[in-house]
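Structure assessment
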Amino acid sequence: FFSSRRRHTRFRNVTGVQTCALPISYGTVEVSDAFALLTGKMLGRTKIFPRLSPRKTAEGLAGGLVCGGLAGLALASALLGLDMQRALPLTFAVLIAGQAGDLLTSALKRACDVKDFSPVLAHHGGLIDIYDSFFPAALAAYAYRSIAGL
């Protein structure tokens, strides 16, 4: 998308740490969650974690990972100027961490015997459920970028 590294300096904050990990993580996770829900509702039949997350299906998971992966690749290319070889592991790390965060939150809810964490935005599963994938995904993106030297 963008090949000039000079364009990407606008994403540096005052301490010199690049903040592109946040929009890449957020965009990737949101697209993944949205398409997992859509694909799961349209095609979902195979429950993958019936006790932990009763409505999560393999078809929804696959749809979310594919669409979220494409979004992550596009965002990594557009915001960081990464080629496919460097964008793919970053996107993979974000997607896996996001799914792990979602499942961990489901496990915590089951252990506490609650349906939603918070009465704020209860129809969305509670406030924590909105960001349960984003926080681990952002940490994974930042860790990958630090390790890879991006």
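In what follows, the structure referred to is the one given above.
Report follows, based on the coordinates. Values in this document were obtained by computation on a predicted structure and should not be read as measured data. (Residues numbered from 1 in each chain as written. Predicted model: local features only at pLDDT ≥ 70, side-chain atom pairs only at ≥ 80, totals over all residues. Heavy atoms only, no water.)

Attention shifts here to the overall build of the chain. When you go through the chain residue by residue, the secondary structure sums to five helices and zero strands. Listed N to C, the secondary structure of the chain is α-α-α-α-α in terms of helices and strands. Sequence separation of 24 or more characterises 62% of the internal contacts of the chain that already satisfy a separation of 6 or more. (Helix = DSSP H or I, 4+ residues; strand = E, 2+ residues; numbered from the N terminus. Contact = heavy atoms within 4.5 Å.)

Mapped onto the fold, D132 is located in the loop between helix 4 (127–131) and helix 5 (134–148). One polar contact links D132 to S133, side chain to side chain, over a distance of 3.4 Å. Other than its neighbours up to four places away in sequence, D132 contacts G101, D102 and T105. (Polar contact = N/O pair within 3.5 Å; in protein donor to acceptor, adjacent residues only side chain to side chain.)

Attention shifts here to helix 5. Look at helix 5: 21 Å from first C-alpha to last across 15 residues, which is about the 21 Å you get at 1.5 Å a residue. Every buried residue of helix 5 is listed here: F134, A137, A138, A140, A141, Y144 and R145. The buried residues of helix 5 occupy one face: seen down the axis, they fall within an arc of 160°. Turned more than 90 degrees off the buried face of helix 5, the exposed positions are F135, L139 and I147. Downstream of helix 5 by one or two residues, G149 has phi in the positive range, about 75°. (Expected span 1.5 Å × (residues − 1). Buried < 20%, exposed > 50% of the residue type's maximum accessible area, 1.4 Å probe, protein only. Arc of directions from axis to C-beta.)

Further remarks concern the pattern of salt bridges. In total, this model carries one salt bridge according to the counting rule given. Of the charged contacts in the structure, one is a salt bridge between K56 and D102, with a shortest N-O distance of 2.6 Å. Residue K56 is found in the loop between helix 1 (21–43) and helix 2 (58–80), and its partner D102 is found in helix 3 (residues 84–112); the two are separated by 46 residues along the sequence. Of the two residues, K56 and D102, both sit in the buried class. (Salt bridge = Lys/Arg side-chain N within 4 Å of Asp/Glu carboxyl O.)

This brings us to a nonpolar patch on the surface. A surface patch of nonpolar side chains, amounting to about 400 Å² of accessible area, comprises F35, L38, M42 and L43. The class for L43 is partly exposed, based on a relative accessible area of 48%. (Patch = residues over 30% accessible without salt bridge, like charges linked within 9 Å, V, L, I, M, F, W, Y side chains within 5 Å. Areas by Shrake-Rupley, 256 points an atom, 1.4 Å probe, with all protein chains shown as cover.)

What follows concerns the packing of helix 1 against helix 5. Axes are the key here: two packed helices are described by the angle between their axes and the distance separating the axes. The contact between helix 1 and helix 5 brings their axes to 9 Å, and the two run at 135°. Our classification of the angle between helix 1 and helix 5 gives oblique. The handedness of the crossing between helix 1 and helix 5 is right-handed. Here A21, L22, S25, Y26 and V29 of helix 1 come into contact with helix 5, specifically with F134, A137, A138, A141, Y142 and R145. In terms of residue class, the contact of helix 1 with helix 5 is built from nine nonpolar, one polar and one charged. (Axes fitted to C-alpha atoms, helices over the stretch in contact; angles between N-to-C directions. Parallel < 35°, antiparallel > 145°, perpendicular 65-115°, else oblique. Left-handed = near helix turned anticlockwise from the far one by under 90°. Nonpolar A, V, L, I, M, F, W, Y, C, P; charged D, E, K, R; others polar.)

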